[in-house]
Amino acid sequence: MKSTKIKIAVAATLATLMAAPAQAADDVTLRLDWVLGGYHAVWHYAKEKGVFAKNGININLREGRGSMTTSQTVGNQSDEFGTADGGSMMVLRSKGLKTKMVAGYLRTGPSALIFPKSKGWKTWKDVNNAKIADSAGGNTVFLFKAVEKAMGLSGNKVILVAPPAKVSSVLTGKADGTNSFGFLQKPIMESKGTPAEYLSFASAGINVPGLAVIAHEDLIANKGDLVGRMVASVQEAMKIVQENPEAAIDALRKVKPTLNRDVHLAILKSSFDLYHSAASKGKPLGWIPPSDIETAQNILVEYEQIKTKAPVSDYFTNQFVK
C-alpha cells in the first residue's frame, strides 16, 4: 500500500513538471559594429546552430553603423549588447558613457595600412612621402600618427575622404594606400583586380583592442546571470566558427545573399588571426588582457582622445569569462 502511494506521488510530481511551461528565453539584441560582412558570420552561424538558444537567449542580431553609434545604443540601453571597437568605447566611457567590455572579440586591433602589392612596401620603414586615404571621425587618423611616431616615418600626407571612397581612392591612384581594417579591405581590393598587402598598426606597437562585446554597467550589475550566458555564447560562437568557416558564411548569406561568398569567406578566415593578441595567448577565448587596455589608454591619452586616465578596470571585466 505504501509503495503504491509513493508511485502515485511520483507520477503526480512528474505530471506537474511536464505540464509546467518551460522558462522563457531572454529577448536580447546584439548590435554589430557595421553593416554585414564576412567577419560577422560568427554571430549568424552561432544563432543558426542554437548556441544562444541553448543558453536561454532569444537573440536579435542588428546591423551597425559604426562603433561609436553601437556604443551609444548600448549606453542608452536601447540594445542590451553590442560589438564595438575597444578604443571607441573607451573614449566614450571617459566622457561618461556607462558601458564596459565583457568579452574580447578581435583582441588584436584590426587597423592597418592597406596598399597595392605593386608598391613594394615590405615594412613600415618603407612608408614615407606617401598619400594615405582616411576618413574624419575614425580612430585610424590619430592612430596612424602614433604609428608614424613609433616608426620614425616622415613626409606622408593623409587625404580625408568619405568612408566608402577609401578603397576607390587607392584603386584610381589618388592615394597610395588607405587606413582601415586590413583583414577586411585586402580581399575586397583583390576582388577588384588589385593584389594587395597590409601593414598592421599592431605590428608597429600601436595595438588598441579591436572589437569587443560591450554591455551597460547596469545590466552587468543587475542581470549578471544573463551577461554570463551571453559571454558563454560568445565563447562558443568564436570556437565553432573557426571549426567550420564555410558553413558560417553560408549562414550569413542566408541573411544577406548579395555577399560574394569567396570574398567574405576570405574576410572571415583572416579575422581569426585577430581572435588573440600577444597578451592573450594561452587564455580562454573572450578573455581581455588588462595590459592591452592599459596600453590602449596610454595611446588614447597621448593623442588627447582621453583627457584623464582611469583605472583600467573601468573599461572592462573578465568576471564572466569561463
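Each value, and the rule that gives it
- Residues numbered from 1 in each chain as written.
- Predicted model: local features only at pLDDT ≥ 70, side-chain atom pairs only at ≥ 80, totals over all residues.
- Heavy atoms only, no water.
- pLDDT = per-residue confidence, 0-100.
- Contact = heavy atoms within 4.5 Å.
- Helix = DSSP H or I, 4+ residues; strand = E, 2+ residues; numbered from the N terminus.
- Buried < 20%, exposed > 50% of the residue type's maximum accessible area, 1.4 Å probe, protein only.
- Axes fitted to C-alpha atoms, helices over the stretch in contact; angles between N-to-C directions.
- Parallel < 35°, antiparallel > 145°, perpendicular 65-115°, else oblique.
- Left-handed = near helix turned anticlockwise from the far one by under 90°.
- Phe/Tyr/Trp six-rings, centres within 6.5 Å; stacked < 30°, edge-to-face > 60°.
- 1 Å grid on protein atoms, 1.4 Å probe; cavity = no way out; pocket = protein on both sides within 12 Å on 5 of 7 lines; lining within 4 Å.
- Points joined across faces, edges and corners; volume = space filled by probe spheres on them.
- Salt bridge = Lys/Arg side-chain N within 4 Å of Asp/Glu carboxyl O.

**Examining the confidence of the model for the chain**
Averaged over all residues, the pLDDT of the chain equals 92, while 93% of them reach at least 70. Between residues 1-21, whose pLDDT stays under 50, and residues either more than four places distant or in other chains, the model counts zero contacts.

**Considering unusual backbone geometry**
Look at Q77: it is not a glycine, yet its phi comes out positive at around 65°. Following the sequence through the fold, Q77 ends up in the loop between α4 (67-75) and β3 (81-85). Among the residues examined, Q77 registers a relative accessible area of 48% and is labelled partly exposed. Phi at N129 is positive, roughly 55°, even though this residue is not glycine. Here N129 shows up in the loop between β5 (111-116) and β6 (131-134).

**Here's the deal with the packing of helix α5 (residues 86-94) against helix α13 (residues 290-302)**
Helix-helix packing is described using two parameters, namely the angle between the two axes and the distance between the axes. Where α5 contacts α13, the two axes come as close as 11 Å, and the packing angle between them is 65°. One way to sum up the angle between α5 and α13 is to call them roughly perpendicular. As for how α5 packs across α13, the hand of that crossing is right-handed. Residue-level contacts link G87, M90 and V91 of α5 to I293, A296, Q297 and L300 of α13.

**A closer look at the packing of aromatic side chains**
For the structure on display, the rule yields 10 aromatic pairs. Here the aromatic rings of F115 and W121 are separated by 4.9 Å at their centres, their planes lie at 55°, and the arrangement is tilted.

**Remarks on the layout of surface pockets**
Empty space within the largest pocket amounts to approximately 1,200 Å³. Taken together, 43 residues line the largest pocket, and the ones lying closest to its centre are W34, P163, K166, S180 and F181. Of all the elements in the fold, those that place two or more residues in the lining of the largest pocket are α4, α5, α6 (140-151), α7 (166-171), β8 (177-181), α8 (182-191) and α12 (261-271). Broken down by element, the residue count for the lining of the largest pocket peaks at four residues, all from α8.

**Observations regarding the pattern of salt bridges**
Evaluation of the coordinates by the stated rule reveals 16 salt bridges. Among the salt bridges present, the one from R31 reaches D79, with a minimum N-O distance of 3.0 Å. Placement of the pair is R31 in strand β1 (residues 26-31) and D79 in the loop between α4 and β3, with a sequence separation of 48 residues. The exposure class assigned to R31 is partly exposed, which follows from its relative accessible area of 21%. On the basis of relative accessible area, D79 is assigned to the buried category, the value being 2%. For D225, the salt bridge is made with R229, and the minimal N-O distance between the two is 2.9 Å. Of the two residues, D225 and R229 both sit in helix α10 (residues 224-243), four residues apart, roughly one turn of that helix. With a relative accessible area of 54%, D225 lands in the exposed category. Salt bridges sharing partners connect three or more residues here, namely D26, D225 and R229.

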